Amino acid sequence: MNVLVCVKQIPDPNAPGKLDPQTKRLVREGVDLVLDPGDEHGVEAGLQLVEKDGGEVTVISMGPPKALEAIRRALAMGAHRGILITDPGLENSDAISTARAIAAAIKGQSYEIIICGTESTDGSSGAVPAQLAELLGLPLLSFAKKLEVGDGKAVIDRQTDEGYDVVEAPLPTLVTVTGGINEARYPALRGIMQAKNKEVKQVGLKEIGLEGQAGKAALTQEVIEAAPAEPRKAGEVIDDKGEGAKRVAEFLKELKVI
Amino acid sequence: MPGIFVFAETSDGTPSPVALELLTKARALGPTTAIALGPGAAKAAEALARHGARKVYVHEDVAFRDILASPAVDLLARQIDKDQPELVLFGMTYDGRDVAARLSARLGTALIANATDIARRDGSWAVTTPMFGGSLLVTTVPMAKAPTLVLLRPKAVAAQPAEDASAPQVETLSDPVDSSKPVARVLRREKEKASGPKLEDAAVIVSGGRGLGAPENFKMLDELAAELGAAVGASRAVVDAGWKPYAFQIGQTGKTVKPTVYIALGISGAMQHTVGMKGAKTIIAINKDREAPIFKLADLGVVGDVHKIVPQLIQEVRSRKGK
Ligand SMILES: Cc1cc2nc3c(=O)[nH]c(=O)nc-3n(C[C@H](O)[C@H](O)[C@@H](O)COP(=O)(O)OP(=O)(O)OC[C@H]3O[C@@H](n4cnc5c(N)ncnc54)[C@H](O)[C@@H]3O)c2cc1C
Ligand SMILES: Cc1cc2nc3c(=O)[nH]c(=O)nc-3n(C[C@H](O)[C@H](O)[C@H](O)COP(=O)(O)OP(=O)(O)OC[C@H]3O[C@@H](n4cnc5c(N)ncnc54)[C@H](O)[C@@H]3O)c2cc1C
């Protein structure tokens, strides 16, 4: 079985984010860039599938040349090959532009399963996977917290507000995974060494036939303003010297909760 | 007539809360048409009209309930082609997101996600979305052809019946659902049992974080919640650790809640958590660290140990209820 996993490189989510006041874009210079932790679960899910049934995991990422590091991380986890879509013309891509670039880059290749994260940790539109599924004419199994593949179909437990739905689709299909689906493995030293020799194909807009039709040239939206939100005011803070619970209970009474 | 479409999710004839929120927003922006799909959709039409839908398209085929996204996308694409709306609103829900994103790829239109507000500006739309845990509000404008697709976060708007509501003008659609394409089909639905009110609807929420120390300590939260008629929520740290299912998670990647009272127990108050609860009318926090950021938004903060204070609080509440 051949699996394609879409991965995004993002600014370290543990560092406070910044917006460039001029361009209104996320600042990506001078911050650590990492493989989106959500996508590590996607890579793990892909690896588990091929470890069971054979086949290869290809990881694909669209981003600046540095995004190669995110691909290397996935290769160190055990993925077999990488594709990096990079081109100055892809700067400022929105979600649909991203989906189009990925769809174009994998044209002619066949995958039984394409795995994405449910939503990226930085942009978090959650739009790319469904857009990609639509462009490729594939069914979408979204919000998977469990994935099983066999008999030419994939079955997931799809997270809902009340619990989960069991949802099935024939292969090939696109699946989005949630953090709850697995525990992502940590790359071992051997994996890190091997990753250096694995093939990563780099393609630009010309190779994928999207010159002048992506990034800025195809923008569907633009951020025009950014303003700090009004903060909430702090109230009273007391130290618990044995009376804390009483004070809370009294407050709840004042609020007519009790 | 160019107007506004609202993708109104319903289940068994009841509109989802976010459908009514969308209509409340939409009717202030222009003449609004609701699209309600699946069994029971017709029954929901009246409530949709009461919240501002002048027209309701209804299609009752079971496919809309049992097949993810694609049948709804086909139908919306057809109706959009026919009516040429300027704007289509969706709730940022499991299904809303899949449908809106697929539709944007099909039509090549702008999709603006995670919105909390939308207004007309210069003949177009200005859409507000929070960033960095809600500390920054950005305004996005569409640059593609109409319609603009917007995913509005649940609870961004308070649902209110329209004052000038009229009887719904219902149009029942019956175009056959395309069955030639491969689809994702729901085989069965599992409900994990929950007692008490739903998180989204609860007036009081008792929420626990990593400071509780261990999953079994959530029992005292259940007890406190039962005394207060509250729902139990959790931080992501707790959900990631597997102490509570995802359905309990409050915050940026979980639920947005707006209760009257939110009680945060052993929660530090990271931005990604507070974005989901700072709309609460009153916030009470108990945390052993005086510097915890949660105290910056709490109306009442108690610096202390949850293991000591919560059992005492349960007793205090019981004794006050007794009187
Ligand atoms: C704060 C913020 C808000 C934004 N809001 C919007 C918006 O409302 N609409 C819009 O069109 N754009 C938006 N953008 C731009 C958009 O985030 C990115 O341009 C786009 O590349 C990916 O969208 P996403 O991060 O939302 O991905 P999501 O759709 O949330 O990502 C889900 C999954 O898709 C895959 N994926 C996403 N991006 C890539 C990639 N570059 N390479 C490989 N796989 C990928 C991954 O598997 C990922 O887990 C926003 C960006 C930021 C920083
Ligand atoms: C992209 C992204 C999205 C995220 N989305 C969410 C989200 O949706 N929801 C969410 O909650 N988080 C989210 N997070 C995670 C968030 O940043 C925090 O890590 C998380 O909220 C921390 O949870 P916590 O407060 O339970 O744990 P901690 O931050 O570890 O805080 C525990 C607190 O308990 C206190 N404590 C410890 N022991 C006691 C005691 N005995 N008595 C009293 N107090 C005690 C400590 O002082 C501390 O303040 C997200 C993060 C990222 C990067």
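J.: Is there a simple way to think about the sheet that holds strand β13 (residues 185-191) of chain B in this case?
T.: Strand pairing within a sheet occurs via backbone hydrogen bonds; the two strands may be parallel or antiparallel. Judged by pairing direction, the sheet is mixed, and its 10 strands sit side by side in the order β11(A)-β5(A)-β4(A)-β1(A)-β6(A)-β10(A)-β7(A)-β8(A)-β9(A)-β13(B) without closing on themselves. Where the open sheet ends on each side, the last strands, each with one partner, are β11 (200-203) of chain A together with β13 of chain B. The average angle at which neighbouring strand axes cross in this sheet is 25°, direction not considered. Note that strand β6 (residues 113-117) of chain A and strand β10 (residues 173-177) of chain A share 5 bridges and pair parallel. Looking across to β10(A), one finds that I113(A) is bridged to T173(A).

J.: Can you help me understand helix α6 (residues 218-228) of chain B in this one?
T.: In an α-helix, one turn spans 3.6 residues; hence positions three or four apart end up facing the same way. The complete set of buried residues in α6(B) reads F218(B), M220(B), L221(B), L224(B), A225(B), E227(B) and L228(B). Residues of α6(B) that are buried sit in contact with α7 (244-254) of chain A together with β14 (204-208), β15 (231-234), α7 (236-240), β16 (261-265) and α9 (306-322) of chain B. Positive backbone phi, approximately 65°, marks G229(B), located one or two places after α6(B).

J.: Would you mind showing me how to read the site of ligand 1 here?
T.: Neighbouring ligand 1 are 30 residues, the closest being K8(A), D39(A), S93(A), S120(A) and S125(A). The backbone of A127(A) places a nitrogen or oxygen atom 2.9 Å from an oxygen atom of ligand 1. The separation between an oxygen atom of ligand 1 and a polar main-chain atom of V128(A) is 2.8 Å. Protein contacts shield 89% of the accessible area of ligand 1, which totals 920 Å² for the unbound molecule. Mapped onto the shell around ligand 1, the elements with two or more residues apiece are β4 (57-62), α3 (95-105), β6 and α4 (128-136) of chain A together with β7 (111-115) of chain B. Of the residues in the shell around ligand 1, the class split is 15 nonpolar, 10 polar and 5 charged.

J.: Where do I start with the domain arrangement of chain B in this structure?
T.: Residue and element names in this part refer to chain B. Domain boundaries in chain B define domain 1 (4-172) and domain 2 (204-322). Each of domain 1 and domain 2 has a C-alpha centre, and these two points are 33 Å apart. Opposite the 9 residues of domain 1 that make contact, domain 2 presents 9 residues. A combined buried area of about 700 Å² lies between domain 1 and domain 2, and 45% of that area is made up of carbon and sulfur atoms. Sorting the residues of domain 1 by area buried against domain 2 places G133, R153 and K155 first, and these three jointly supply 66% of that buried surface. The tally of links from domain 1 across to domain 2 stands at 0 salt bridges. Here domain 1 is connected to domain 2 by 4 residue pairs in polar contact (both at pLDDT 80 or more).

J.: Help me understand the interface of chain A and chain B, please; the structure alone is not making it clear to me.
T.: By convention, interface size is frequently given as the accessible area that disappears when the constituent parts associate. Tallying the contact residues gives 74 residues for chain A and 81 residues for chain B. Together chain A and chain B conceal approximately 6,700 Å² of surface at their shared face, both sides included; 56% is due to carbon and sulfur atoms. There are 13 salt bridges connecting chain A and chain B. At the junction of chain A and chain B, the tally comes to 37 residue pairs in polar contact (both at pLDDT 80 or more).

Rules used throughout
- Residues numbered from 1 in each chain as written.
- Chains lettered and ligands numbered in written order.
- Predicted model: local features only at pLDDT ≥ 70, side-chain atom pairs only at ≥ 80, totals over all residues.
- Heavy atoms only, no water.
- Pairing = 2+ DSSP bridges.
- Helix = DSSP H or I, 4+ residues; strand = E, 2+ residues; numbered from the N terminus.
- Axes fitted to C-alpha atoms, helices over the stretch in contact; angles between N-to-C directions.
- Buried < 20%, exposed > 50% of the residue type's maximum accessible area, 1.4 Å probe, protein only.
- Contact = heavy atoms within 4.5 Å.
- Near = heavy atom within 4 Å.
- Polar contact = N/O pair within 3.5 Å; in protein donor to acceptor, adjacent residues only side chain to side chain.
- Areas by Shrake-Rupley, 256 points an atom, 1.4 Å probe, with all protein chains shown as cover.
- Nonpolar A, V, L, I, M, F, W, Y, C, P; charged D, E, K, R; others polar.
- Domains from an automatic or database assignment.
- Buried area = accessible area lost by both parts, 1.4 Å probe.
- Salt bridge = Lys/Arg side-chain N within 4 Å of Asp/Glu carboxyl O.

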